[in-house]
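# Remarks on the overall topology
Chain by chain, the residues run as shown.
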Amino acid sequence: MGALKGLVAFILVCIYTQVSAETAFTASAFAETSRSVTLRWDSYPGASSYLISVSLDGSQDVIAFVQFGGNTVMGTVNSLSPNNIYVFTLQPLDVNQDPLNITTVWSLTAPEVMDPIQTVKPKDSQTLMVEFNSVTGATHYIVRVQNSAGFFREDTISSSPAEIISLTPYTEYTLSIMAGNDGGRSQPSPSVTGMTVLPPLQPITSSPSNDSILISWNPMGGAVQYTVILYEDFSNTTVKQNTSGTNLTVSGLDAGALFTVMGYGWDAQQRKGEASLYVNQTTRPPTPDSVQVAVATIGEQAALSVSWEIKRELHGSVEYRVMSSQNLTCSASSSPCVLSPVTCGEVHVIQVTASNDAGPGYPSSHVEFITFPCPPKSLSLVESVEGNCTLSWAPEPYAENYTAYVKTGDGGEETCNTTSHNCTYRCQCGYMFHMYVFAYNHAGSSPPGPSVNHTTLPCCPEDVSVSPVSTDTLEITWTASRGADLYETRAADLWRVVLCNDTAPVCALSDLSCDSTYSVLVTPCNDLSGCNPKCKSHTKDTAPCAPTDIRLVPKNSSCVSVSWTATNRAANYSVSAVGEDGVHTCTASGNSCDIAGLPCGSVYQVSATATGAVGQSLPSYWERLETEPCCPASPTVHQVTQAMTNVSWSDAKGASTFVTTLTSPRGHASCHTRDYHCLMGCITCGTNYTVTMEAFSHSGRSVNCTYQGFSSSACCPSGVRVYKMSGNSLRLHWRTTGSEHRYVAQLTGSNNSYNCTTSAGESSCDIADVQCGDAYHVVVAPLTPEGSQVSFCTQRLYSVTCTESDIGTVIYRGKRSLDQ
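Residues numbered from 1 in each chain as written. Predicted model: local features only at pLDDT ≥ 70, side-chain atom pairs only at ≥ 80, totals over all residues. Heavy atoms only, no water.

In this section: the sheet that holds strand β32 (residues 388-392). Reading across the sheet, the 3 strands line up as β31-β32-β35 and stay open at both edges, with antiparallel pairing between neighbours. The open sheet has two edge strands, β31 (380-382) and β35 (422-426), and neither has a second partner. For this sheet, the mean angle separating the axes of adjacent strands, direction not counted, is 20°. Judged from the 5 bridges that link them, β32 and β35 form a sheet pairing that is antiparallel. Considered in β35, the bridge of S392 is made with N422. (Pairing = 2+ DSSP bridges. Helix = DSSP H or I, 4+ residues; strand = E, 2+ residues; numbered from the N terminus. Axes fitted to C-alpha atoms, helices over the stretch in contact; angles between N-to-C directions.)

Printed below as a string of C-alpha cells:
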C-alpha cells in the first residue's frame, strides 16, 4: 500500500456479507476534515477488494488511489489539500482484479487549520470576548470551550470579534477555534486560556442612623477585596471605600437623602469583577428641631398643634410622629400635627420623630406644655349696696389670671381682669345681666363654665328714631332698653290707632295715611316688672301722596307738557321721562311742567313723584311718550337706467315706514316702503329733481324730511351710425340732446378696442387705424360734469370687413343690451 503515492488507508469498519448478484453499488462521503475525507459504501457481492481513485473536480487526471479489502465498507483518504472539491471513483473488484461496478462521490475538504485565538478578554463575569484571524474559504467558525471541571461546549460564530456567553464566573477556560465550510470543519487550532471575572456583588443596604448607610453582601470565592461606591444626586456627592470584609458602614452622610449604591470585587490578580446593579438607599430623616406647641380647635374639641422645622430638603415621603406623655399620638407628612383631644389642666411632655422608608430618625428634645386651665366654679352674686354687685368664684390650678364678663340684654358687655377671685360691678336699672368667668394661662383661656343671671327693672328706650320708609309706613328704632323683654309701639292720628308688639328694638307701622301727622310712643316691658308707663311720645309726618291722572301734551318735536292731580298740603313735584338715552326731568311746585330736549325717534315712560319734608311719595303710574321719528341721513340716488333710479337711505330711529318722492317741473315719482331703499321709474333724463321723504313711526307719528336735489344724467344719444372713411378710419355720428354735453364713443372688438371723446356740442368723432375683419360693439354715451361715463346707453354691433388690407364694408348687426 506504501507504493500508492504515499496514501494511507485506514479500515474503519469490517464486515462480511454475502449478497446476491446484480446488487446496485452506492457510496457517500461520511466525514471531511482539512486533509482527509471518510467514505462509506455498500458491500458488493463477489467483491474481493474496493479501489478508490481520487481526482480534483474539473480534472480528468487521477492524483491518487487506494484499495481496501473485500470486507471493508468505510475508509479514509488522507493527505488531501484543504478547501478543495475532490472526485472519488469507487469500483468493487473480483479476485482477478476486474471491476464489477462503479460509482462516483464528490466532496469538499474543510478549510486550513487556523492560527490560535489572538486575544481572550472578559466582558463580564459570564462572557469572554475573543478575537482571531479569519481564513479563506471559511463560511463560519466554531469555538471550542473547555475547563478542568469537564465543561465542554462548541459555539458557532460568524466573524471576529465574538462573545462567548453563559459561562461560569471566575473560571478558567481553554479555547480553540475551527474554520468550517459546506464540506466540514478544520482541525482545532492550538488552544489558549481565558478566565472570567468575579460575579457582581448582591448588596443589601440599610440605614442604621440618620447619617450612615450599612452595606453587606455574601462573600465571593476568589475575591480578596471589595469596592463600594455611593452617589448622592442632590448634593453631587460621591463616596468610595474599599474593604476586605463583607460589610461596610459609611458615616457622615446627609440625613434624609437618597443614595445610589453599587460595588464590585477584586481577585488576587487585581482584576476588577463585574459591577453590581445600582441599589437605592435613603438615610433616615434628621431630628426635628424648633418644636412649638399651641392650642388649636377641631370642631368644638380642643387640641394641641405641634409644629417643628427641618432645615434641609428631604428625599421621598417622610412621616412625622408626635407623642405625648398623656398617651396621645398623631402622624403627619409635614408640620404641623394635631394631638387631640386635650382637656383643661393637663401637663404634656412632647417629642417629635421623623421616619421614612429607611426607618425612624432620632426623636426631638422633650417639650413640656401645660394646657389651658379649667373654668372657675362656685360662682356667686351679691348685691352689696344699691346699684353695686360683687361676683365671686373658687380658684383654679394652673390659672394665672381671670377675666369676668358681664353681658347686658342689649348686647353690651363689661369685663374685669384680675388675679384675685372676685369682681365688683355697678348694677343699674333696666339691665338683664349674664355673668361668667374665664381663667387664663400661657396656653390660653379656659372653656366656658357656669354663669349667673340677674335682671333689673326695664328703662325707657333712648335714641328713639321715627323715619318714614314709604308713603304709608313709619320705621321706629331705639336703643334697646335694659331689662326689656317686649316693646309696645303705638302710632295715633286724629282718626285711628296702629299698634305693634315686638321683642326687637325696631318696629314698622304700616298702612298709615299719606300726608298725615302721627304721635308715636314706645313702651318697654318685661315678665318680672311689667311695662314702664312714663316714657315720652314723638310726633312724625308721613310722606306726601303720589300724583295721579298724568296727562301728556306735545308742544313741539322735542318738548312735552306734563300735568297731574295732587292733594298734598305742601310738596314739590318731579317728573321723569325714562328712555334709551337716559332720564329727562322737570320740577314744579304746582301741577305741571315741561320736559324739553327730547331726541327724535325715542320712547319714554313718564311718571311724577311728590317730595315733602319727610321724604318722597310713591311714583305715579307710567304714561308712554313717543317723539317724532328721526329723518334718515341724506339718501343716495343711483340712476339704474335712463328712466329708472334706485333711492336708498340709512336706518332712521323710530321710523317704521317711508314715503320717498322725486319732484320736478316735468313730473314726479314716489314710493311707499318699509325697506331702506326703493326703485322708481318714469324719470326724465337731464332733469333736476327735489328729493323729499316722510317717515312714520309705529304709532303713526310722522316727520317731513327734505334733502339736496338730484339731477338725472344726460340723455343717451340717438341715431348712432358708423361710416367708413379713407384708409382704415371710421367715423361715428349721432344726434345730441343738448349743446352743453360731451360724449365718449367706444369700439370694442374681439382683439382691439378704440375710443374717442368729443367737445361740448359735437355729434361725431373719427377713429383711425381700425383693425378690419372683426365685429365691434359700439357705445356712445354722454359724460357727466365730473367726467365719468353714463353706463346704461345701448350698444350696437357692427361688422367691419376687409378689402385687401383696408376696411371694406361696415355692416350694422343690431343693438345689444349692456349686459350681453
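Applying the stated criterion to the full structure yields 15 disulfides. The residue that forms a disulfide with C416 is C423, at a sulfur-sulfur distance of 2.0 Å. Handedness here is read from the sign of the S-S torsion; for C416 and C423, about -75°, the answer is left-handed. On the basis of relative accessible area, C416 is assigned to the buried category, the value being 19%. You can call C423 buried: its relative accessible area is 2%. In this model, C600 is linked to C630 through a disulfide, with the two sulfur atoms separated by 1.8 Å. Sign of the S-S torsion, about 100° for the bond between C600 and C630, identifies this disulfide as right-handed. Taken together, the residues C600 in the loop between β51 (592-595) and β52 (603-612) and C630 in the loop between β54 (623-626) and β55 (636-641) connect sequence positions 30 residues apart. C600 sits in the partly exposed class, given a relative accessible area of 32%. Left unpaired, C559 is separated from the closest cysteine sulfur, that of C586, by 8.8 Å. (Disulfide = S-S within 2.5 Å. Buried < 20%, exposed > 50% of the residue type's maximum accessible area, 1.4 Å probe, protein only.)

Confidence in the prediction of the protein, expressed as mean pLDDT, is 87, and 96% of residues score 70 or more. Segment residues 1-21: pLDDT under 50, and 43 contacts once partners within four positions in sequence are set aside and those in other chains are kept. (pLDDT = per-residue confidence, 0-100. Contact = heavy atoms within 4.5 Å.)

Any empty space left between atoms is shown by rolling a water-sized probe over those atoms. Taken as a whole, the largest pocket spans an internal volume of roughly 430 Å³. If you go around the largest pocket, you meet 22 residues; those closest to its centre are S711, S712, S713, A714 and T784. Every element with two or more residues in the lining of the largest pocket is listed here: β55 and β61 (702-711). Top contributing element to the lining of the largest pocket by residue count: β55, with 3 residues. (1 Å grid on protein atoms, 1.4 Å probe; cavity = no way out; pocket = protein on both sides within 12 Å on 5 of 7 lines; lining within 4 Å. Points joined across faces, edges and corners; volume = space filled by probe spheres on them.)

Let us now look at the side chain of S189. Within the element layout of this structure, S189 appears in the loop between β14 (172-180) and β15 (192-195). For S189, a relative accessible area of 5% puts it in the buried group. Filtering out sequence-adjacent residues up to four positions away, S189 remains in contact with V113, M114, D115, P116, I117, S176 and I177.

Turning to the nonpolar core, a few remarks are in order. Formed by 24 residues in total, the largest nonpolar core has its most connected members in V306, W308, V322 and L339. At the level of secondary structure, the elements contributing two or more residues to this core comprise β23 (289-298), β24 (301-309), β25 (319-324), β26 (329-332), β27 (337-339) and β28 (347-356). If you tally residues by element for this core, the top one is β24, at 4 residues. Each residue touching W308, except ones within four places of it in the same chain, is listed here: P288, D289, S290, V291, Y320, V322, S334, S335, P336, C337 and V352. Residues W734, I767, C772 and V778 belong to the second largest nonpolar core, which totals 20 residues. (Core = buried A, V, L, I, M, F, W, Y, C linked by side-chain atoms within 4.5 Å.)

Going through the model one piece at a time under the given rule, you end up with 1 cavity of 30 Å³ or more. Volume-wise, the largest cavity comes out at about 50 Å³. If you trace the largest cavity, you find it lined by P554, N556, S557, S558, C559, V560, L598, L625, E626, T627 and R701. Within the residue set of the lining of the largest cavity, elements represented by two or more residues are β47 (548-556), β48 (559-565) and β54.

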